[in-house]
Amino acid sequence: MSTARFRVWFGDAEASEEELARIEEIEVTQEIDKFWEARIRTTMCLDAQGRWQHRSDTVAAAFTRMRVELDPGNGAFVPLIDGPVTSFDSRLDSQPGRSTASFVVRDDSVFLNRDEGAEVFRDKSDSQIVDEVLRSIDQIGDTRIEPTTATHAITSRRGTKLLFLGELARANDRRVFVLPGPEPGRSIGCFLPDPRKAEGELPPLHLIGDARNLGDAAIDEDSESPERSSGRRLRLADGALASFETSAADLGVGGGRPAVPADLTPLRLLPPGDATREDPEAAVSGRARGAGYAYKLTSRVIPGCYGAALVPHVRVRIECGDTPYSGDWLVAKVVHRITPSVYTQSFEAWGDAGTEVPDAPVAEAAGGGLSVSFSASVGVF
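Every value quoted in this text rests on a predicted model; they were computed, and no experiment measured them.

Definitions and limits used
Residues numbered from 1 in each chain as written. Predicted model: local features only at pLDDT ≥ 70, side-chain atom pairs only at ≥ 80, totals over all residues. Heavy atoms only, no water. Helix = DSSP H or I, 4+ residues; strand = E, 2+ residues; numbered from the N terminus. Buried < 20%, exposed > 50% of the residue type's maximum accessible area, 1.4 Å probe, protein only. Contact = heavy atoms within 4.5 Å. Areas by Shrake-Rupley, 256 points an atom, 1.4 Å probe, with all protein chains shown as cover. Lys, Arg positive; Asp, Glu negative; His and termini not counted. Charge placed at Lys NZ, Arg CZ, Asp CG, Glu CD. Phe/Tyr/Trp six-rings, centres within 6.5 Å; stacked < 30°, edge-to-face > 60°. Lys NZ or Arg CZ within 6 Å of the ring centre and 35° of its normal. Arc of directions from axis to C-beta. Pairing = 2+ DSSP bridges. Axes fitted to C-alpha atoms, helices over the stretch in contact; angles between N-to-C directions. Core = buried A, V, L, I, M, F, W, Y, C linked by side-chain atoms within 4.5 Å. pLDDT = per-residue confidence, 0-100. Salt bridge = Lys/Arg side-chain N within 4 Å of Asp/Glu carboxyl O.

**Student:** Is there a simple way to think about the overall build of the chain in this case?
**Tutor:** For the chain, the count of helices and strands is six helices and 26 strands. When its C-alpha atoms are laid out on the principal axes, the chain stretches across 80 × 55 × 35 Å. The proportion of buried residues among the 381 residues of the chain is 44%. Across the chain, the fraction of contacts at a sequence separation of at least 24, relative to all contacts at a separation of at least 6, is 66%. Roughly 18,700 Å² of accessible area belongs to the chain as shown, and the carbon and sulfur atoms make up 48% of that amount. Of the side chains in the chain, 43 bear a positive and 59 a negative charge, and the two mean positions are spaced by 3 Å.

**Student:** Looking at this structure, how should I read the side chain of Ser-127?
**Tutor:** Within the secondary structure, Ser-127 sits in helix H3 (residues 126-135). A relative accessible area of 8% places Ser-127 in the buried class. When residues no more than four places from it in sequence are discounted, the contact partners of Ser-127 are Ile-145, Glu-146, Pro-147, Thr-148 and Phe-191.

**Student:** Is there a simple way to explain the packing of aromatic side chains in this structure?
**Tutor:** To describe a pair of aromatic rings, you give the distance between the ring centres and the angle between the ring planes. Across all of its chains, the model carries four aromatic pairs by this definition. For the ring pair Phe-121 and Phe-164, a centre distance of 5.8 Å and an interplane angle of 5° mean the geometry is stacked. Of the two residues, Phe-121 sits in strand E9 (residues 116-125) while Phe-164 sits in helix H4 (residues 161-171), which places them 43 residues apart along the sequence. A single burial state applies to Phe-121 and to Phe-164, both of which are buried. Ring centres 5.4 Å apart and planes at 40° place the aromatic pair Tyr-293 and Trp-350 in the tilted group. Placement of Tyr-293 in the loop between helix H6 (281-291) and strand E20 (295-301) and of Trp-350 in strand E23 (residues 343-351) is noted, with a sequence separation of 57 residues between them. A cation sits over an aromatic face here: Arg-7 above Phe-77, 3.9 Å from the ring centre.

**Student:** What exactly am I supposed to notice about H3 here?
**Tutor:** An α-helical turn contains 3.6 residues, so a residue and the one three or four places further along point in the same direction. For H3, the full list of buried residues reads Asp-126, Ser-127, Ile-129, Val-130, Val-133 and Leu-134. Each buried residue of H3 sits inside an arc of 155° when the element is viewed along its axis, so together they form one side. Those residues of H3 hidden inside the fold are in contact with E9, strand E10 (140-145), strand E11 (151-160), H4 and strand E13 (187-192).

**Student:** Sorry, what's going on with the sheet that holds strand E19 (residues 267-269) here?
**Tutor:** Strand-to-strand pairing in sheets goes through backbone hydrogen bonds, with the strands running parallel or antiparallel. Taking strand neighbours across the sheet as the criterion, the three strands line up as E17-E16-E19 in an open arrangement whose pairing is mixed. Here the strands that pair on one side only, and so sit at the sheet edges, are strand E17 (241-247) and E19. Each strand of the sheet is rotated relative to its neighbour by a mean of 20°, with strand direction disregarded. Relative to E17, strand E16 (residues 228-234) runs antiparallel, the two being bridged by seven bridges. Paired with Arg-233 across the two strands is Ala-242, which belongs to E17.

**Student:** Looking at this structure, how should I read the pairing of E20?
**Tutor:** Side-chain direction in a regular strand flips from residue to residue, so the side chains alternate between the two faces of the sheet. Taking every second residue as pointing to the same face, the buried face of E20 carries Tyr-295, Leu-297, Ser-299 and Val-301, while none of Lys-296, Thr-298 and Arg-300 on the other face is buried. With six bridges connecting them, strand E15 (residues 214-221) and E20 associate as antiparallel partners. Note on E20: the bridge partner recorded for Ala-217 is Ser-299. Taken together, the seven bridges between E20 and E23 define a ladder with antiparallel strand orientation. When the bridges of E23 are listed, Lys-296 appears paired with Trp-350.

**Student:** When you look at the nonpolar core in this model, what are you seeing that I'm missing?
**Tutor:** Judged by nonpolar contacts, the single largest core of 26 residues is most densely connected at Val-8, Ile-26, Met-66, Val-68 and Ile-338. Where this core is concerned, the elements lending two or more residues are strand E1 (5-10), strand E3 (23-31), strand E4 (37-46), strand E6 (65-71), strand E7 (78-91), strand E8 (99-106), strand E12 (175-179) and E13. In this structure Met-66 touches Trp-9, Phe-10, Ile-40, Ala-60, Ile-81, Asp-82, Gly-83, Val-85, Phe-103 and Val-105, once residues within four positions along its chain are discounted. Counting residues in hydrophobic clusters, the runner-up holds 22 residues, among them Leu-202, Tyr-295, Val-316 and Val-331.

**Student:** Is there a simple way to think about the environment of Ala-15 in this case?
**Tutor:** Locating Ala-15 in the fold gives a position in the loop between strand E2 (13-14) and helix H1 (17-21). A relative accessible area of 9% places Ala-15 in the buried class. Separated by 69 residues in sequence, Ala-15 and Pro-84 have C-alpha atoms that sit 16 Å apart. Setting aside anything within four residues of it in sequence, one finds Ala-15 in contact with Val-8, Trp-9, Phe-10 and Leu-20.

**Student:** Whenever I open this one, the confidence of the model for the chain confuses me. Can you help?
**Tutor:** Overall, the prediction assigns the chain a mean pLDDT of 88, with 91% of residues at 70 or greater. When the elements of the chain are averaged for pLDDT, strand E26 (residues 369-373) gives the smallest value, 37, and E13 the largest, 98. A low-confidence stretch, residues 366-381 (pLDDT under 50), is modelled with 68 contacts involving residues beyond four sequence positions or located in other chains.

**Student:** So what exactly am I meant to see when it comes to the pattern of salt bridges here?
**Tutor:** A side chain of one charge can pair with a side chain of the opposite charge when the charged atoms of the two come close. Here the structure, examined in full by the defined rule, presents 33 salt bridges. The shortest N-O distance in the salt bridge between Glu-25 and Arg-41 comes to 3.3 Å. With Glu-25 in strand E3 and Arg-41 in strand E4, this pair connects stretches of sequence that are 16 residues apart. Residue class for Arg-41 comes out partly exposed when judged on its relative accessible area of 29%. Its salt-bridge partner being Arg-135, residue Asp-142 comes within 3.6 Å of it at the nearest N-O pair. According to the relative accessible area criterion, Asp-142 is partly exposed, its value standing at 40%.

In structure tokens form, the structure reads like this:
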């Protein structure tokens, strides 16, 4: 595996070797349901006349574009972020080598969150509306959308476009997010459900063994998170009451057994603010899936031992040896740190189901309380 490399664009121009040499550190944070953000820290200095060189205002103005691409060592560059500069951080010091200028860059969903307004859509499905709203932003050049079927007579937007898209996503068991495109200034707007299994987009991660590429792993379990979600909605067309109830286990989880047995799963109601469609099935399903992620894994990749850049919204195979924690995890957050000498990745992943491991306890409901048997274990996947 070769050494990791990176390149940066300031607007439409790729950074020169001299400009790259002034970059001390790039930290890119990518996270589900949040803005992706990069912090690019560069050096400043005083010339012989006492004038500051390479000030932030001489490099980029507010809402000019920056783009960061990375070759993790496999010979192919992938974009980590592409979007506008939203803030600056200048730290000045009279001592040499201690002055810096930092640029904060966010993805192009920032442009969906700028202006509030009102808008009416008639006789369109939610996926058609999402496509229209995403393409209304000049910086979004393409979309990836999983279609919805129902057509609605009237759909109204009040507020920002991003807030409106989030409401449609919750109503349809989808997530809305913006990815950097293959070319600068051509981002991709997405309206997609969480993947149910690893598709080979990312190489496996190993905690132990000859192929080890993880430094460590911490797994947290929230046994109160999984729920049986229920929702009701009065249909105005015929006056009938539409209702739906489900859990992550009913919908299919990423392993052999759910994180919590059915008899320990509480019933919770869909909030009224999420019941925006006459058929509540998709919204209830989305809430149940989200609550089903009872396991959170945090870890870090050993530098130089993994030939890919992790990315959220993708499932990756994680091998933790002969434990319940080996399986396909949904990558939820990645922090990429790039310096002239090293590239590191730390990440968070979510799990929703389990495999059985002999001779480990399982919680069971019996006689109004909990008992423990030692026949099998429910772990993640």
